[in-house]
Amino acid sequence: MYGQGLLKGLGITLKHLFGKAVTEQYPDQRPNLSPRFHGSFALDVEKCIACGICAKACPNNVIKIASSKGENKKRRLDDYKIELGYCLFCGLCVESCPTDAINFTQDFELASYTRQDTVLHLYNRASHETDGSGESDLACCQGTEG
Amino acid sequence: MEKLNYLFVDLAQSLRSWFAGMGLSPFAIDMLVVLVAVVGIITFVLLNVLYLVYLERKISAYFQDRLGPNRVGPRGLLQTTMDVLKLIGKEDIRPTVADRWVFFLAPVIVFVPAVMMYAVVPFGEGMIAVDLNIGIFYFIAISSTTTIAFLMAGWGSNNKYSLLGGMRTVAQMVSYEIPLVFSLLGVIMLTGSLKMSDIVAAQKDMWFIVLQPVAFLIFFIAATAELNRGPFDLPEGEQEIIAGPHTEYSGMKFAMFFLAEYANLVSVSAIAVTLFLGGWRGPWLPSWLWFLIKLYGMILLFMWVRWTYPRIRIDHLMHLNWKFLLPLSFVNILVTGVGIKLYQWYQAMGWGW
């Protein structure tokens, strides 16, 4: 009969009218994120060998690494920054890291007022050493592991 | 109970005697009472519109498993009030090449008939601003003038998308006007009067939706198209014609179109209630409360349909009207006429009920 489908449709919406809303009240209720969520980045400076594989793996060239020769002619990290404004959050840098030094965090609230603020500065040796204490006070240590 | 039923009638009566006590002439008293009625109706319309927008957003949210507005005020009740304040604060832009007066007048002309239609709506027992003897004809005549405003908006904007959208709206509204009027004809044939109070009185024993179910269906579909509501909300089409006739309108001018849309929703629902659902008739509760309950039932039905069906294509819309609704409304008139004649025969033969 004509119109049966129309009535069926009305029935379905009526069922949803009295159903439970699935809306997440975001700022009040925090989302439950999965462990592999692609949020911001965290760098474990202790593990980083400044090899630059992450920078090479990045399709958008957003990772900038500076390094220098330290004692025992070992390469050491001087500066690590990610231009999050251009980042795809594809995860190729995290996957390619041989020492598991770069990782995703659960932080997804990355909005900022200026373009400069979108650059994520994960490590800077100069500012680190003038700060005195060996403990890092930068964003580098909010990693999920290590 | 009796007191509540005649609450507004008594109020008008006491107002009238109060004015008489001030020593005014009968003409001045009539004018003042009409003025009060107009102010009352406009207040009713605007309050309804304000909270219908909120209702529509809430209902659509619930249909889609969302929560809807819930931030401004308790349960988001002040949301639309704040939206209106924001719209008033917006810059009123007029394109330099627009046809100045046509562009300016279109939102006014769309809103005025929307309010004028309420003159003949029987809100309750004895609660009708002007009980014209051609009430329903007046309603149809006024409601069909809205079309010209959409054409004016489309033309005055001097924008090809607006003009196309305006013409499309007019084509849709003019087409659906015909089955809408013909569906009302069945009710008028049964009543034998165009007067609103007579139509309500004729439904004393039985609502006309029982005698005229097809007419109600046609009326409902045609009214949905007349109101430019889903699934017939084609005056706007993001892909083809942007926002149609309201593309160039901003701030309060756009709000006028929006207000008129909801004011028309209320008035069309009021007409549906009066013609098919027995008007203000109902047991126990005061008549105006019954009217409001039925009115909101109709409005919720319109919203339910809007948030259920996807919008249809413009040519399908025209086909539905000219190839299905119009012939069906003709058949309905024919069957109603034959039925009335047969009933009269039965009564004349003495076999009647």
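Residues numbered from 1 in each chain as written. Chains lettered and ligands numbered in written order. Predicted model: local features only at pLDDT ≥ 70, side-chain atom pairs only at ≥ 80, totals over all residues. Heavy atoms only, no water.

The name given to chain B in an unreviewed UniProt entry is NADH-quinone oxidoreductase subunit H, and the organism recorded there is Calderihabitans maritimus. Within the UniProt record for chain B, the comment given under Sequence similarities (unreviewed entry) is "Belongs to the complex I subunit 1 family." Turning to chain B, the UniProt annotation filed under Subunit (unreviewed entry) states: "NDH-1 is composed of 14 different subunits. Subunits NuoA, H, J, K, L, M, N constitute the membrane sector of the complex." (UniProt positions renumbered as here; feature names shortened; annotations may be inferred.)

The name an unreviewed UniProt entry gives chain A is NADH-quinone oxidoreductase subunit I, with Calderihabitans maritimus as the organism. Quoted verbatim from the Subcellular location (unreviewed entry) heading of the UniProt record, the comment on chain A is "Cell membrane". Regarding chain A, the UniProt comment filed under Sequence similarities (unreviewed entry) reads as follows: "Belongs to the complex I 23 kDa subunit family."

When helices and strands are tallied, chain A shows 4 helices and 5 strands. When the helices and strands of chain A are listed from N to C terminus, the series reads α-β-α-β-β-α-β-β-α. Taking all 146 residues of chain A together, the buried fraction comes to 27%. Sequence separation of at least 24 residues holds for 70% of the intrachain contacts in chain A that already meet a minimum separation of 6. Surface accessibility of chain A: about 10,100 Å² in total, with carbon and sulfur atoms responsible for 54%. (Helix = DSSP H or I, 4+ residues; strand = E, 2+ residues; numbered from the N terminus. Buried < 20%, exposed > 50% of the residue type's maximum accessible area, 1.4 Å probe, protein only. Contact = heavy atoms within 4.5 Å. Areas by Shrake-Rupley, 256 points an atom, 1.4 Å probe, with all protein chains shown as cover.)

Across a sheet, strands are paired by hydrogen bonds formed along the backbone, either parallel or antiparallel in direction. Residues and elements named next belong to chain A. Strand order in the open sheet formed by 3 strands is β2-β3-β5, and the pairing between neighbours is antiparallel. Of all the strands in the sheet, just β2 (63–69) and β5 (119–124) have a single pairing partner and so form its edges. Between one strand axis and the next, the sheet turns by 15 degrees as a mean value, whatever way the strands run. The pairing of β2 with strand β3 (residues 75–83) spans 7 bridges and is antiparallel. Bridge pairing in β3 places Ile63 opposite Ile82. (Pairing = 2+ DSSP bridges. Axes fitted to C-alpha atoms, helices over the stretch in contact; angles between N-to-C directions.)

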